[in-house]
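If you want the building blocks of each chain, they are given just below.
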Amino acid sequence: MDHFNYRDGTLHAEEVPLSRIAAELGTPVYVYSAATLRRHFGLFREALDWTDHLVCFAVKSNSNLAVLKLLGDMGAGMDVVSGGEYLRARAAGVPGERIVFSGVGKTLAEMRLAIEGGIRQVNIESEPEMRALSGLATSMGAEVPVAIRVNPDVDAGTHEKIATGRSDNKFGIPIARARDVYAEAAGLPGLRVVGVDVHIGSQLTDLDPYRAAYAKVADLARALRADGHAISRLDLGGGLGIPYRRDNNAPPLPLEYGRVIRETVGDLGCEIEIEPGRNIVGNAGVLLAQVIYLKEGAGRDFLIVDAAMNDLLRPAMYGAHHDIVPLVEPRPGAGLRRVDVVGPICESGDTFQKGAELPVLGAGDLVAFRSAGAYGAVMASEYNSRPLVPEVLVSGDHFAVIRPRPTFEEMLARDSIPEWL
Ligand SMILES: *Cc1c(COP(=O)(O)O)cnc(C)c1O
């Protein structure tokens, strides 16, 4: 459930008409709902209330400082995958002891940042990384809590670009080799082994892959304890999917996901960490856009909007679907028109939806791309020299700009021309 609904014939975010935001700030613009963020974070907390836990928001899904602050103030931990994300979490007021550092290619400079600033746990993804971290921590006189990310060779049943738990993906250490790697970790200075980490992919719509992966993690944790390791934490990753289509079967709820966790690893008495991103912020955001032209082509019509693949990359990158709805509520029984919804960028991939059945729209009409809060603004670029899309946070009857749209001057001022040209 989200807080984007029609009221008095016009689409609102909570109590704010989205047309008001578009009028004040222009389009395209991302709009997030604070109430939806709070609700979704609360659902994960409830799902794990049977045990010690920390819900670590996956910062890569939406790293705006205001979003991080809102969740951090509710007690969220943060899952970061770069030095920049670590600094964002800290800047949003999240203490190091609630930040987990994931990612396959952490550099020494990034790990140094985290050790200096304080870190709850580093999730190690390879033996070379483990040795590098050991050397760094030792040179800094630190002892870093670590979990080792294992690759359980489970097919998450999701898009190949966001599946991470199969043996042919670059992530984690093959689970069959895990005991040897833990043995080496235990002997390395500067590291303190605290747990096991796993993350099998994103936009999972079925709980069975989780059940399979977590059962393997439970077996491994038992074996590691028998080997003498103090396994007190399990980081079970993120990935729970969201409904991108209103008319589709909804993916499982956080509560059902929590039950699978309890059934598979609950008896180990470990503190549980999870790293949801999309499920917290995906349906808490929309991208507003305005129709520039309705263009009649040969056999198909194009609705050209002022948002493009540089603002919302998911359709071009994953063939992803976002429901597109008009800001003015369609009258019951109003006619539909079949259109391809496209952006202005000079790429055929700049297509949001082919053959969309939309109410009849024309130049100047406003639309919202739903479910755009996760992997939306964070993947935006200035391709075609389109200024970076701004972001707005709504709470109740008010809203604030949480990232302004750069002016053309600001955009140009970032380049410099060498004096020898
Ligand atoms: C991307 C990622 C997540 C978050 O995935 P969602 O599908 O957004 O929940 C969590 N953990 C790790 C290690 C990731 O790479």
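Residues numbered from 1 in each chain as written. Predicted model: local features only at pLDDT ≥ 70, side-chain atom pairs only at ≥ 80, totals over all residues. Heavy atoms only, no water.

The name an unreviewed UniProt entry gives the chain is Diaminopimelate decarboxylase, with Paracoccus spongiarum as the organism. The annotation that UniProt attaches to the chain under Function (unreviewed entry) is "Specifically catalyzes the decarboxylation of meso-diaminopimelate (meso-DAP) to L-lysine." Quoted verbatim from the Cofactor (unreviewed entry) heading of the UniProt record, the comment on the chain is "pyridoxal 5'-phosphate". (UniProt positions renumbered as here; feature names shortened; annotations may be inferred.)

*Asks:* What is the right way to look at empty space enclosed by the protein in this model?
*Replies:* The gaps left among the atoms become clear once a water-sized probe is rolled over them. For the structure shown, the criterion picks out one cavity of 30 Å³ or more. Considered as a void within the structure, the largest cavity measures approximately 40 Å³ in volume. Forming the walls of the largest cavity are Leu-294, Leu-303, Arg-337, Val-339, Leu-358, Pro-359, Val-360 and Leu-361. Among the residues forming the lining of the largest cavity, the class breakdown is seven nonpolar, no polar and one charged. (1 Å grid on protein atoms, 1.4 Å probe; cavity = no way out; pocket = protein on both sides within 12 Å on 5 of 7 lines; lining within 4 Å. Points joined across faces, edges and corners; volume = space filled by probe spheres on them. Nonpolar A, V, L, I, M, F, W, Y, C, P; charged D, E, K, R; others polar.)

*Asks:* I keep staring at the sheet that holds strand 3 (residues 16-17) and nothing clicks. Help me out?
*Replies:* Neighbouring strands of a sheet are bound in pairs by backbone hydrogen bonds; such pairs are parallel or else antiparallel. Pairing in this open sheet of three strands is antiparallel, and the strands run 1-2-3 from one edge to the other. Strands with a single pairing partner mark the edges of an open sheet, and in this sheet they are strand 1 (4-7) and strand 3. (Pairing = 2+ DSSP bridges. Helix = DSSP H or I, 4+ residues; strand = E, 2+ residues; numbered from the N terminus.)

*Asks:* So what exactly am I meant to see when it comes to the environment of Glu-85 here?
*Replies:* With respect to the secondary-structure elements, Glu-85 resides in helix 4 (residues 83-91). Residue classification places Glu-85 among the buried positions, given a relative accessible area of 11%. Taking the C-alpha atoms as reference points, Glu-85 and Gly-228, separated by 143 residues in sequence, lie 34 Å from one another. When sequence neighbours within four positions are dropped, the list of residues in contact with Glu-85 reads Val-59, Lys-60, Asp-79 and Val-80. At 3.3 Å, the side chain of Glu-85 forms a polar contact with the backbone nitrogen of Lys-60. (Buried < 20%, exposed > 50% of the residue type's maximum accessible area, 1.4 Å probe, protein only. Contact = heavy atoms within 4.5 Å. Polar contact = N/O pair within 3.5 Å; in protein donor to acceptor, adjacent residues only side chain to side chain.)

*Asks:* For this particular structure, what's the right way to read the domain arrangement of the chain?
*Replies:* Interface size is commonly expressed as the accessible surface area that is lost when the partners come together. The domain boundaries assigned to the chain delineate domain 1 (4-31 + 282-413) and domain 2 (103-274). Centre-to-centre, using C-alpha coordinates, domain 1 lies 36 Å away from domain 2. The interface is formed by eleven residues belonging to domain 1 together with nine residues belonging to domain 2. Of the roughly 960 Å² buried at the junction of domain 1 and domain 2 (both faces included), carbon and sulfur atoms supply 48%. (Domains from an automatic or database assignment. Buried area = accessible area lost by both parts, 1.4 Å probe.)

*Asks:* What should I look at first to understand the layout of surface pockets in this one?
*Replies:* The computed volume of the largest pocket comes to approximately 570 Å³. Along the walls of the largest pocket sit 31 residues, with Lys-60, Thr-164, Phe-171, His-199 and Tyr-375 positioned nearest its centre. Looking at the lining of the largest pocket, the elements with two or more residues in it are helix 10 (278-281) and helix 11 (314-318). Classifying every residue of the lining of the largest pocket by side-chain character gives twelve nonpolar, nine polar and ten charged. No fewer than three residues from each of domain 1 (4-31 + 282-413) and domain 2 (103-274) sit in the lining of the largest pocket.

*Asks:* Would you take a moment to explain the pattern of salt bridges for this structure?
*Replies:* Pairing of side chains with opposite charge becomes possible as their charged atoms draw close. Taken as a whole and assessed by the stated rule, the structure comprises 24 salt bridges. Put simply, Glu-273 and Arg-120 hold a salt bridge, and the shortest N to O gap is 2.6 Å. Of this pair, Glu-273 sits in strand 13 (residues 271-274) while Arg-120 sits in the loop between helix 5 (108-117) and strand 8 (121-124); the two residues are 153 residues apart in sequence, bridging distant segments of the chain. The class for Glu-273 is buried, based on a relative accessible area of 0%. (Salt bridge = Lys/Arg side-chain N within 4 Å of Asp/Glu carboxyl O.)

*Asks:* Help me understand the UniProt feature "domain: Orn/DAP/Arg decarboxylase 2 N-terminal" (unreviewed entry) in the chain, please; the structure alone is not making it clear to me.
*Replies:* Summarizing the sequence annotation, UniProt attributes the feature "domain: Orn/DAP/Arg decarboxylase 2 N-terminal" (unreviewed entry) to residues 35-281 in the numbering used throughout. In this annotation, residues 35-281 is assigned 40% helix and 17% strand; the end-to-end C-alpha distance for the span is 11 Å.

*Asks:* Help me understand the environment of Lys-354 in this model?
*Replies:* Relative to the assigned elements, Lys-354 resides in strand 18 (residues 351-359). Lys-354 sits 54 residues away from Arg-300 along the chain, and the two C-alpha atoms are 9.5 Å apart. If we ignore the near neighbours within four places in the chain, the residues touching Lys-354 are Arg-300, Val-339 and Asp-340.

*Asks:* Sorry, what's going on with the site of the ligand here?
*Replies:* Every one of the 15 residues lining the ligand counts as a neighbour, but Lys-60, Ser-202, Gly-239, Glu-275 and Tyr-375 are closest to it. A distance of 2.9 Å separates an oxygen atom of the ligand from a polar atom in the backbone of Gly-277. Structurally, the ligand is housed in the largest pocket. Taken together, the residues of the shell around the ligand sort by class into three nonpolar, seven polar and five charged. (Near = heavy atom within 4 Å. Sits in = over half its atoms within 2 Å of the grid points.)

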